[in-house]
Amino acid sequence: MRMTDVKQHDIVAAIRSLGVAPGDLLIAHTSLSSFGHVAGGAKTVAEALIESVSPEGTAFVPTFNYGSLPYDPNTTPSLTGAVTDAFWRLPGAVRSAHPTHAFAGFGPAAAEVLEGHDKVPTLGRGSPLWRLWERNAWVLLAGCDHRANSMIHVAEEAAEAPYLDRTRVAHVLGSGNKVTDVTVRRPGCSSAFNIVDGPLRRANNVREGKAGRSRLTLVRSAAVVAVAMELLRRDSAALLCIRPDCDRCAWARQRISERNSERSSSRSD
Ligand SMILES: [Zn+2]
């Protein structure tokens, strides 16, 4: 270990200095490389997230695989960063059953929040992220911005945005290596999600710090969802990007205009 290495207690102290306390619920989005060199690597950051809310608190991370492989919660790698992949592998971690957008949690609330994820819309009502919003969990961004903040998708669900009905077929790996096809809701694009940053700051809802070289941003999920819902109330396309090559947002705009023309024709009936 080098003197300049970032250590677990440095990360815990930085997260706690922003206001996270033992007993809290936390959902974290992390970039391992943003920290600089961490002694023990991804596992150290995963354990620091858990320690920052311990005892009695529960930490969560996304462990999405985006349908890259038939999903088995005990073997399928997470593609949402090295920290999340180390997190779900920790003894005692729980991972949800959703085949493309599973979450992992560690702590007393993990099983309850993650339960039944394969039976509800991916990030909608009854999903782990929705339940974390209901419990006003902290959202921690470490070395990333709101484009990684999946909680904003919960606002789209709560506001019943017109473009939520996009689905895909995913694959679940069952006992005896039997693969079952299931249809799941496919979350949309998040490239435009930094639009929430200004309103959150103006309402003094953003806490910032540093752990090693990583820039930490801490917000309450209730504040994030409220801000994003207000943006959607004013403009149903507020959370869509304007990249010309973004098929998902083009499709979503199409759904919005279909919905608007359905509304105007039903008004004229
Ligand atoms: Zn887009």
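That block above? That's the structure.
Quick caveat, the model's predicted, so the values are computed rather than measured. (Residues numbered from 1 in each chain as written. Predicted model: local features only at pLDDT ≥ 70, side-chain atom pairs only at ≥ 80, totals over all residues. Heavy atoms only, no water.)

### Side note on the overall build of the protein
Within the protein, the secondary structure is distributed over nine helices and nine strands. In summary, the protein has a C-alpha radius of gyration of 19 Å against a globular reference of 18 Å for 269 residues, a match within 12%. On the principal axes, the C-alpha backbone points of the protein span a range of 70 × 55 × 35 Å. Looking at the protein as a whole, 49% of its 269 residues are labelled buried. Pairs at least 24 apart in sequence give 64% of the contacts found in the protein among residues at least 6 apart. Approximately 12500 Å² of the protein is accessible, and the part contributed by carbon and sulfur atoms is 50%. For the protein, the distance from the average site of its 32 positive side-chain charges to the average site of its 27 negative ones is 3 Å. (Helix = DSSP H or I, 4+ residues; strand = E, 2+ residues; numbered from the N terminus. Rg over C-alpha atoms; globule rule 2.2 N^0.38 Å. Buried < 20%, exposed > 50% of the residue type's maximum accessible area, 1.4 Å probe, protein only. Contact = heavy atoms within 4.5 Å. Areas by Shrake-Rupley, 256 points an atom, 1.4 Å probe, with all protein chains shown as cover. Lys, Arg positive; Asp, Glu negative; His and termini not counted. Charge placed at Lys NZ, Arg CZ, Asp CG, Glu CD.)

### Things to note about the packing of aromatic side chains
Within this structure, the stated rule accounts for three aromatic pairs. For the pair phenylalanine 64 and tyrosine 66, a centre-to-centre distance of 5.8 Å together with 80° between the ring planes defines the contact as edge-to-face. Using a relative accessible area of 5% as the deciding quantity, one classes phenylalanine 64 as buried. Geometrically, the ring pair formed by phenylalanine 64 and phenylalanine 103 is edge-to-face, given 5.2 Å between the ring centres and 85° between the ring planes. Here the residue phenylalanine 64 occupies a position in the loop between strand 2 (58–62) and helix 3 (82–89), and phenylalanine 103 occupies one in strand 4 (residues 103–106), the gap between them amounting to 39 residues. Each member of the pair phenylalanine 64 and phenylalanine 103 is classed as buried. An aromatic cluster is defined as three or more aromatic residues linked by ring pairs; in this entry it consists of Phe64, Tyr66 and Phe103. (Phe/Tyr/Trp six-rings, centres within 6.5 Å; stacked < 30°, edge-to-face > 60°.)

### Re the pattern of salt bridges
Enumeration according to the criterion identifies 14 salt bridges in this entry. A salt bridge links arginine 185 to glutamate 157; its shortest N-O distance comes to 2.9 Å. One end of the pair, arginine 185, is in strand 7 (residues 179–185); the other, glutamate 157, is in helix 6 (residues 151–158), with 28 residues separating them in the sequence. The closest approach of N and O atoms between arginine 233 and glutamate 230, which form a salt bridge, is 2.9 Å. Separated by three residues within a single helix, arginine 233 and glutamate 230 lie in helix 8 (residues 221–234), roughly one turn from each other. With relative accessibility at 28%, the residue glutamate 230 sits in the partly exposed group. The structure contains a network of salt bridges with shared partners spanning Asp165, Arg255 and Glu258. (Salt bridge = Lys/Arg side-chain N within 4 Å of Asp/Glu carboxyl O.)

### Re the sheet that holds strand 1 (residues 25–30)
Here we have seven strands laid out as an open sheet, ordered 3-4-2-1-5-9-8, and mixed in their pairing. Each of the sheet's edge strands pairs with one partner strand only, and the pair in question is strand 3 (94–95) and strand 8 (207–211). Pairing geometry for strand 2 and strand 4, over four bridges, is antiparallel. The partner of alanine 59 across the bridge, within strand 4, is phenylalanine 106. (Pairing = 2+ DSSP bridges.)

### Brief notes about the pairing of strand 6 (residues 167–173)
Two elements, strand 6 and strand 7, share seven bridges in a ladder whose sense is antiparallel. Bridge pairing in strand 7 links threonine 167 to arginine 185.

### What to know about the packing of helix 6 against helix 8
For the pair helix 6 and helix 8, the least separation of the axes is 8 Å and the interaxial angle reads 50°. In this view, helix 6 runs oblique relative to helix 8, as classed from their interaxial angle. The way helix 6 lies across helix 8 gives a crossing that is right-handed. Together, Met151, Ile152, Val154, Ala155, Glu156 and Ala158 of helix 6 and Ser221, Val224, Val225, Ala228, Met229 and Leu232 of helix 8 make up the contact between the two elements. A breakdown of the residues in the contact of helix 6 with helix 8 according to their chemical character gives ten nonpolar, one polar and one charged. (Axes fitted to C-alpha atoms, helices over the stretch in contact; angles between N-to-C directions. Parallel < 35°, antiparallel > 145°, perpendicular 65-115°, else oblique. Left-handed = near helix turned anticlockwise from the far one by under 90°. Nonpolar A, V, L, I, M, F, W, Y, C, P; charged D, E, K, R; others polar.)

### A look at the coordination of the zinc ion
The protein atoms donating to the zinc ion are Cys189 (SG), Cys241 (SG), Cys246 (SG) and Cys249 (SG), with metal-donor distances spanning 2.3 Å. Given four donor atoms and angles of 105 to 116° at the metal, the environment of the zinc ion is assigned as tetrahedral. Written as a sequence motif, the donor residues of the zinc ion are C-x51-C-x4-C-x2-C. Placement of the pair is cysteine 189 in the loop between strand 7 and helix 7 (197–202) and cysteine 249 in helix 9 (residues 247–268), with a sequence separation of 60 residues. (Donors = N, O, S within 2.8 Å, 3.2 Å for Na, K, Ca; no water. Tetrahedral: all angles 85-135°; square planar, octahedral: opposite > 155°, others 65-115°.)

Purely geometric stuff here, so don't read any function into it on its own.
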